[in-house]
Structures are given as C-alpha cells and as structure tokens.
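What the coordinates show
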Amino acid sequence: MNLYVCIKQVPDTETKIKVNGDGSGIDTAGIKWIMSSYDEFGVEEALRLKEKTPGATVTVVSAGPDRVIETLRTALAMGADNAIHVELPETADSAMTAKAIAGTLKKEAKVDLVFFGKEALDVAASQVPQLVAAHLGIPAVTVVCGIEYAGSNLKCKREIEGGSFEMVEVAAPVVIAGSKGLNEPRYATLPNIMKAKKKEVKAVKLADIGVSASDQKIKMKNLQLPPPKQAGKKIDGDAGVQAQQLAQALHNEAKVI
Amino acid sequence: MAKVLVFIEQREGKAKKASYELVAASAAAGNETHAVIIGDSVSGLANESAQFGANQVHLVQDAALKLYTAESYSRALLAAIKTVNPEIVLAAHTPMAKEFMPFVSVMADAALATDCTSLTFNGGKLALKRPVYSGKASAEVEFTGAGMQMATIRPNSIGLPKPDTSKTADPGSISVDLSGLKTKILEVVKGNSARPDVTEAAIVVSGGRSLKNAENFKILEDLADTVGAAVGASRAAVDAGYRPHRDQVGQTGKVVSPSCYIACGISGAIQHLAGMRSSKVIVAINSDPQAPIFQIADYGIVGDLFQVVPALTTEFKKIKE
Ligand SMILES: Cc1cc2nc3c(=O)[nH]c(=O)nc-3n(C[C@@H](O)[C@H](O)[C@H](O)COP(=O)(O)OP(=O)(O)OC[C@H]3O[C@@H](n4cnc5c(N)ncnc54)[C@H](O)[C@@H]3O)c2cc1C
Ligand SMILES: Cc1cc2nc3c(=O)[nH]c(=O)nc-3n(C[C@H](O)[C@H](O)[C@H](O)COP(=O)(O)OP(=O)(O)OC[C@H]3O[C@@H](n4cnc5c(N)ncnc54)[C@H](O)[C@@H]3O)c2cc1C
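Reading the values: the criteria
Residues numbered from 1 in each chain as written. Chains lettered and ligands numbered in written order. Predicted model: local features only at pLDDT ≥ 70, side-chain atom pairs only at ≥ 80, totals over all residues. Heavy atoms only, no water. Helix = DSSP H or I, 4+ residues; strand = E, 2+ residues; numbered from the N terminus. Rg over C-alpha atoms; globule rule 2.2 N^0.38 Å. Buried < 20%, exposed > 50% of the residue type's maximum accessible area, 1.4 Å probe, protein only. Contact = heavy atoms within 4.5 Å. Near = heavy atom within 4 Å. Polar contact = N/O pair within 3.5 Å; in protein donor to acceptor, adjacent residues only side chain to side chain. Domains from an automatic or database assignment. Salt bridge = Lys/Arg side-chain N within 4 Å of Asp/Glu carboxyl O. Disulfide = S-S within 2.5 Å. Buried area = accessible area lost by both parts, 1.4 Å probe. Pairing = 2+ DSSP bridges. Axes fitted to C-alpha atoms, helices over the stretch in contact; angles between N-to-C directions. Nonpolar A, V, L, I, M, F, W, Y, C, P; charged D, E, K, R; others polar. Parallel < 35°, antiparallel > 145°, perpendicular 65-115°, else oblique. Left-handed = near helix turned anticlockwise from the far one by under 90°. Patch = residues over 30% accessible without salt bridge, like charges linked within 9 Å, V, L, I, M, F, W, Y side chains within 5 Å. Areas by Shrake-Rupley, 256 points an atom, 1.4 Å probe, with all protein chains shown as cover.

Secondary structure assignment for chain B yields 8 helices and 18 strands. For 321 residues, the compact-globule formula gives about 20 Å, and the C-alpha radius of gyration of chain B, at 21 Å, lands near that figure. When the 321 residues of chain B are sorted by exposure, 59% land in the buried category. In chain B, 64% of the contacts between residues at least 6 apart in sequence involve partners at least 24 apart.

In structure tokens form, the structure reads like this:
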C-alpha cells in the first residue's frame, strides 16, 4: 500500500507577524517554522496504517521554498520512509500548489491514500486537498476525525456543524483531510531525528510536471495588520450596574441585542 | 452589474441564513442574482430566495441529492453553472461548501477564494478581503485571470436584511447525471444541541477555565438562551472536559465571526483570538483588569462572571420583553 501525506510548513502561531515592504506577504526573517498542526494527524494516520500493513510505505510531500525540507525531515523523524520536496515559490496560491502536488503524485507508480490536514494554519483556505483530489480524479473526504479500515474500504467520520457527523463510505484511492480526534500524533525521538538528517529528499521541479506561474489564479495583496483597536469602553460599578449598562450599550449603541 | 449565482445551502429542508446574506448583498448591488437550491424535494424553499432578492431561482432535485456528498453536490452545482453561465458564484463558508466548492472550481476551471470576510461588487469583478495568519493580518484577494470568479464568505460577515415576504419565485429545474458516484453517506449522526452552531450564530457567549466545572456553564447557557446565542468555550475549558470540542473557539477549534462575542472568564490567549477576532462587537468579562482580552474588547467589565453573567441575563430578558 502506497501512502502519501502532504504537509505544509507554516509560521509558528506564537510568531509575531510583520508585513513585508510591498504588502504581498510577510517578512520571513526570524520566523520559526513548524509543520501545520492538522498535518501531524495525517502523518500519524499514515504511520499507524503502515505499521498494520506489511509492505506499506509512507511518503511525505511538501511544496515550497528550500526551507520546507526541514519540515519534511520532521516527518521522516516521525517515521515516514520517503520525502519529496516540490520546489514552489512562496507566493503560489492554492490552485498552483494543488496542481504541483497533483502533478507530483501522478508521476508516482501507485497512489492508494493521500492524507492532508483539513486546513493549513496560516492561510486556512481548506482548498488544497480537494483540488488535488479533483486533479487526480478521486474523491475526497475532509474534516475527518475517525476512520475504520476494511480492506480498501474506508468508513470516515466527518465533522459538520452543530456537533453532527457524517459517516462517509469510500474506497481507495481517496484523499483524506484529517482533523482533531483522528489520532494522537507521536513525537519524533532523538535517535530518529538524527537518522532523518541523513535521509534523501527527492526534489521535483515545476517544469518537470508542467506547472507554471500561469496556474496561479488568485493573488493576495495589501496585507495589513489589524488597525490598532481603539480602547474599548470600560464599564464600572457593581455587577448589577455593569450588567445594566452593558445591556443598554449592546442594545442602543452597538445595536447587536 | 454582473450575473451572480448563489448556492443556497440546505439540510433537511432548512436553508442557511448565511446563503441569504449573499443573495441579498448581490441583489442590493444591482446584480442579476440567481439562486440555486440542491437537494431532494426542496422546491418549498424557492420563495425565500426571491424574498431576499433573487431574480431567478433554480432547483437541482434528485433523490440521490437528499444527503450531501462533495461528489454529488459538485456535479449539481456545475450543472447549474452551465445553465446560468454566471460571472460570479458565491456560497457561505460552511462545512458543506468548504468541502465541495474546490471540486467545482477545478471542474469549471475557475478561480476560487475561500473564507472571505468582506465582499464588494466592483462592476463585473469581486473585491474580497480575508484574514490570514490566524487573523493576525488581513489581505485583499485579486483574481489574476478573466474567468469565472468563485468565493466562499464567512457567515455573518454581511448581515441579513428583512425579507420581502410578498414575493414569490417561479423556479426552473436543472437536471444532473449522478451515475457512478464513489462516495456514500451511511448515516448522519445528529448532535444533540438545541442551540445554534457557534460558527453560524449571530451572538456567541463563551466561557473559559474560570467556569470551574461543566455545571457552571449553565449560567452561560441561560444568558445565551435569552438572545438565541450559541455557547462557545476556550481550549482550557474544553481540555478540562467542561464542553465538547465542537464548541471550542480558536486556532485548533472553530473560527467564528458573530455580530457579538461575549467572552466570560477567558484570558484572551493568541490562539483563542485567532478564532474570534473578526467578531464585530467583542465583550469581555474578566476579573483581571490586565487580561489581554481587554485589548481587543469593545466593552469591558472587570468583575466576577458569577455575579455579572446572571445579572446580564436579567437585563437581556428585560430588553427582549
Ligand atoms: C509569504 C507568503 C505569501 C503568499 N502570497 C500569496 C499570494 O500572493 N496569493 C495566494 O493566493 N496565496 C499566497 N500565499 C498563500 C499560499 O501559499 C497558500 O499557502 C496556498 O494557497 C495553500 O493554501 P492553504 O495554505 O490555505 O492550504 P489549505 O488548503 O488550507 O491546506 C490544507 C492542507 O493541504 C496541504 N497543503 C497545503 N499547502 C501545501 C503545501 N505547500 N505543500 C504540501 N501540502 C500542502 C496540507 O496538508 C494542508 O493541511 C502566501 C503565503 C505566504 C507564506
Ligand atoms: C498550539 C496551540 C493551540 C491552541 N488552540 C487554542 C484554541 O483553539 N482555543 C483556545 O481557546 N485556546 C487555544 N490554545 C490555548 C491558549 O493558549 C490558552 O491556554 C487558552 O485559551 C486559555 O483558556 P482560558 O482563557 O479559559 O484560561 P486562562 O488563560 O487560565 O484564563 C482564565 C481567565 O479567567 C479569568 N477569571 C478567573 N476567575 C474569574 C471570575 N470569577 N470571573 C471573571 N474572570 C475570571 C482570569 O482572570 C483569566 O483571565 C492553544 C494553545 C496552543 C499552544
């Protein structure tokens, strides 16, 4: 069984964001990069499946500048067998990213399951998994918080609104976008981190898979930090007075109640 | 002016208010506004779209569309796109549209911008804004090509006007080939909440670790119920088992954008802000005047939530009477 996991490198969420000079992105100097947290569920799920399936392999794929190799090594240290780095410019949108990943997967001998995170922590477009599935001509189930495997059949528990779940039955090959609850991702151990440093990371160039800048469909511009919020109104007094004034303000001034 | 197609999302014959926000916004901008309802026996919903301003309502109905799957609904919306031939396609950013709209964008070779919080019609072009980096920044979205533009908009971003209940629709029917589907819904396991979902509610009342136990959340539920609000929670409250994970607001929970967010005993950690920063009016009730939540609050009360919240419930009841 050939298992793939797509992982994205994102700024650590504790990082302070600074907008770059022309507002087209962020100033990446001094940023600590991590694996987008939902992608860890994908890596873990693939590893658990491999441990139960003789002969299965796990390949992790990340698209982006050279620095994403670091994150691929994190996944190798968790236990992935192979890693592919798709050389993609930083400003690629979901459409171009997905085309590059799909193009890479199409060159692989056989793809059974492709795991993703339900959304990337930085942009959170929730697009790449479904776009990749569409390009590969296979279904996708997203926001998956539990899977039962029976041969090549999968029963996925997908979270929707109101605390409800859809139980979705689907057969491999399929794209799965994982969410919290799917599993508890493992930590890499130090010996494995050392071993992962020596593993080979295969590079894929966009030209090899027929992807170019013209595959970009949207651009983000005028990135802005939220305007400093005006100091809010402090409401003093005892609890009764505070509650009364707040209720009146929400009703008459903000008009939201 | 543009030709706009809005996907009207329904489950069990009940449409999402967030879909009508988009119909109304498109109609108000003077666009030729089409609404498409996908499902099984959903014609009963057609009038509502007209009442929020749709010029034309389309139905894609099939027994196989009773329960949503990304595969079947993307084919159905594509069929509607082929019939209407719109320049712009809009849907609310919900668990359903979030999943299937990317499929449609590939099938229709169109550009898609997701999770936008502001939308304006600029002639035939959409002007959109969306938060990035967990709401720490926002960006404008520009479509690079000339093709069809698709976007999903976060619920409550625009607001809902009063419908014109005198209007009725004369819906058209669109058929779709649903043979050879590979995904099947075995069951929909219903959540048992009587309250609205945190991602859809116009008002959200949230509590944190300081509630101390699950039972104490009753005071927040009482407050929420006076105004039809949803009840949310911080991760600390969820991790402590006071609330289910589905109610968690924040970076590893739900992103909400209500018109009013009331944070009770929540410190305002950056990961919590990631989930509620785009709320229009933020209220903080916290005993610590230094709590970071006050930095983004429009109204702040330094006080004990166990006293303030019940008093607020009484005041809200008075207003509602
Ligand atoms: C500095 C900077 C500038 C940017 N400028 C632009 C811009 O001008 N225009 C624009 O549209 N976007 C821009 N982006 C964002 C763009 O690169 C998005 O990351 C891209 O659109 C992917 O979408 P997403 O992150 O929302 O992924 P989602 O669709 O939310 O991701 C879901 C899942 O897909 C997988 N995935 C996503 N991306 C990758 C990847 N690269 N490699 C492997 N797996 C992946 C992961 O499993 C992830 O959990 C910029 C980003 C940065 C950091
Ligand atoms: C990777 C990562 C992801 C995370 N994701 C999320 C997420 O999605 N959502 C989230 O919320 N957090 C998330 N967190 C956790 C976050 O950092 C905070 O720990 C959490 O939000 C704190 O919850 P809290 O405000 O309830 O608790 P605390 O920070 O302990 O704050 C309790 C507050 O209650 C006040 N208080 C106490 N008693 C009273 C009283 N009687 N009346 C009024 N006020 C009182 C205190 O002054 C204090 O400000 C994440 C953290 C990490 C590292």
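Now that the structure is up, let's keep going.
On to the environment of Ile209 of chain A, then. Residue and element names in this part refer to chain A. As for its position among the elements, Ile209 is in the loop between strand S11 (201-205) and strand S12 (218-224). Judged by its relative accessible area of 16%, Ile209 falls in the buried class. Separated by 28 residues in the primary sequence, Ile209 and Gly181 have C-alpha atoms spaced 35 Å apart. Setting aside its immediate chain neighbours within four residues, Ile209 contacts Val86, Ala100, Gly103, Thr104, Lys107 and Val204.

Now for the site of ligand 1. Around ligand 1 there are 33 residues in total, and Cys6, Lys8, Asp39, Ser94 and Ala125 of chain A lie nearest to it. Residues near ligand 1 are shared among chains A and B, making this a multi-chain site. Note that an oxygen atom of ligand 1 is positioned 2.7 Å from one of the backbone N or O atoms of Ala92 of chain A. A distance of 2.9 Å is found between an oxygen atom of ligand 1 and a backbone nitrogen or oxygen belonging to Ala120 of chain A.

A few words now on the domain arrangement of chain A. One can read the domain layout of chain A as domain 1 (2-215) and domain 2 (230-257). For domain 1 of chain A versus domain 2 of chain A, the distance between C-alpha centres works out to 46 Å.

This structure, assessed with the given rule, holds 31 salt bridges over all chains. Between Glu200 of chain B and Lys16 of chain B there is a salt bridge whose closest N-O contact spans 2.9 Å. Here Glu200 of chain B, found in the loop between strand S13 (184-189) and strand S14 (203-207), pairs with Lys16 of chain B, found in the loop between strand S3 (14-15) and helix H1 (17-28); they are 184 residues apart in sequence, far enough to count as distant. Linked through salt bridges whose partners overlap, the residues forming this network are Arg158, Glu161 and Glu166 of chain A together with Arg11, Lys16, Glu99 and Glu200 of chain B.

With that settled, the discussion passes to the state of the cysteines. For the structure on display, the rule yields 0 disulfides over all chains. There is no disulfide at Cys6 of chain A, and the cysteine sulfur nearest it, in Cys156 of chain A, is 16 Å away.

On to the domain arrangement of chain B. Residue and element names in this part refer to chain B. Structurally, chain B comprises domain 1 (3-173) and domain 2 (203-320). At the junction of the two partners, domain 1 supplies 7 residues and domain 2 supplies 10 residues. By the criterion of area lost to domain 2, the three top residues of domain 1 are Ser134, Arg154 and Asn156, representing 62% of everything that side buries. Our enumeration of links across domain 1 and domain 2 arrives at 0 salt bridges. In this structure, the connection of domain 1 to domain 2 is made through 2 residue pairs in polar contact (both at pLDDT 80 or more).

Locating Thr15 of chain A in the fold gives a position in the loop between strand S2 (9-11) and strand S3 (33-35). Thr15 of chain A gets classed as buried once you look at its relative accessible area, which sits at 13%. Placed 77 residues apart in sequence, Thr15 of chain A and Ala92 of chain A show a C-alpha to C-alpha distance of 22 Å. Not counting the four nearest positions on each side in its chain, Thr15 of chain A is found in contact with Ile31 and Lys32 of chain A together with Lys136 of chain B. Within the local environment of Thr15 of chain A, its side chain forms a polar contact with the backbone oxygen of Asp12 of chain A, the two atoms lying 2.7 Å apart.

Attention now goes to the sheet that holds strand S1 (residues 3-8) of chain B. Residue and element names in this part refer to chain B. The strand order S7-S11-S6-S1-S4-S5-S12 describes an open sheet built from 7 strands, whose pairing is parallel. What marks the edges here is a single partner per strand, and that holds for strand S7 (111-116) and strand S12 (172-173). Bridge count between strand S4 (residues 32-39) and strand S5 (residues 56-61): 6 bridges; the pairing is parallel. Across the sheet, residue His34 finds its bridge partner in S5, namely Gln56. Packed onto the sheet, helix H4 (residues 95-107) meets S1, strand S6 (88-92), S7 and strand S11 (149-153) and runs at close to 170° relative to S11.

Contact residues are listed per partner, giving 81 residues for chain B and 74 residues for chain A. Of the roughly 6,800 Å² buried between chain B and chain A on both sides combined, carbon and sulfur atoms contribute 58%. On the chain B side of the interface with chain A, the three residues burying the most area are Tyr133, Lys136 and Tyr299 of chain B, jointly 11% of the side's total. At the boundary of chain B and chain A, one finds 39 residue pairs in polar contact (both at pLDDT 80 or more). When the residues that make up the side of chain B that touches chain A are grouped by side-chain class, the tally is 40 nonpolar, 18 polar and 23 charged. For strand S13 (residues 233-234) of chain A and strand S18 (residues 299-302) of chain B, the ladder comprises 2 bridges, and the chain directions are parallel. Residue pairing for S18 of chain B: Lys234 of chain A is matched across the bridge by Gly300 of chain B.

With that settled, the discussion passes to the packing of helix H4 (residues 128-136) of chain A against H4 of chain B. Contact pair H4 of chain A / H4 of chain B: the axes reach a minimum separation of 8 Å and the direction vectors enclose 40°. It follows that H4 of chain A is oblique to H4 of chain B by the angle criterion. In this structure, H4 of chain A meets H4 of chain B at a crossing whose hand is right-handed. Residue-level inspection shows Gln130, Leu131, Ala133, Ala134 and His135 of chain A of H4 of chain A in contact with H4 of chain B, the latter providing Lys98, Glu99, Pro102, Phe103, Ser105 and Val106 of chain B. Partitioned by chemical class, the residues of the contact of H4 of chain A with H4 of chain B number 6 nonpolar, 3 polar and 2 charged.

Residue and element names in this part refer to chain B. Ligand 2 sits among 25 residues. The nearest are Arg209, Ser234, Thr252, Ser267 and Gln271. At 2.6 Å, a side-chain N or O of Ser234 approaches an oxygen atom of ligand 2. In the environment of ligand 2, an oxygen atom lies 2.6 Å from a nitrogen or oxygen atom belonging to the side chain of Ser267. Every element with two or more residues in the shell around ligand 2 is listed here: helix H6 (235-239), helix H7 (270-276) and helix H8 (305-320). Classifying every residue of the shell around ligand 2 gives 6 nonpolar, 15 polar and 4 charged.

Below, the discussion takes up a nonpolar patch on the surface. All names here are of chain A. Together, Leu190, Ile193 and Met194 line one region of the surface with nonpolar side chains, adding up to about 280 Å² of accessible area. Relative to the helices and strands, Met194 resides in helix H5 (residues 190-198). A residue is classified by how much of its surface remains accessible, and Met194, at 43% relative accessible area, is partly exposed.

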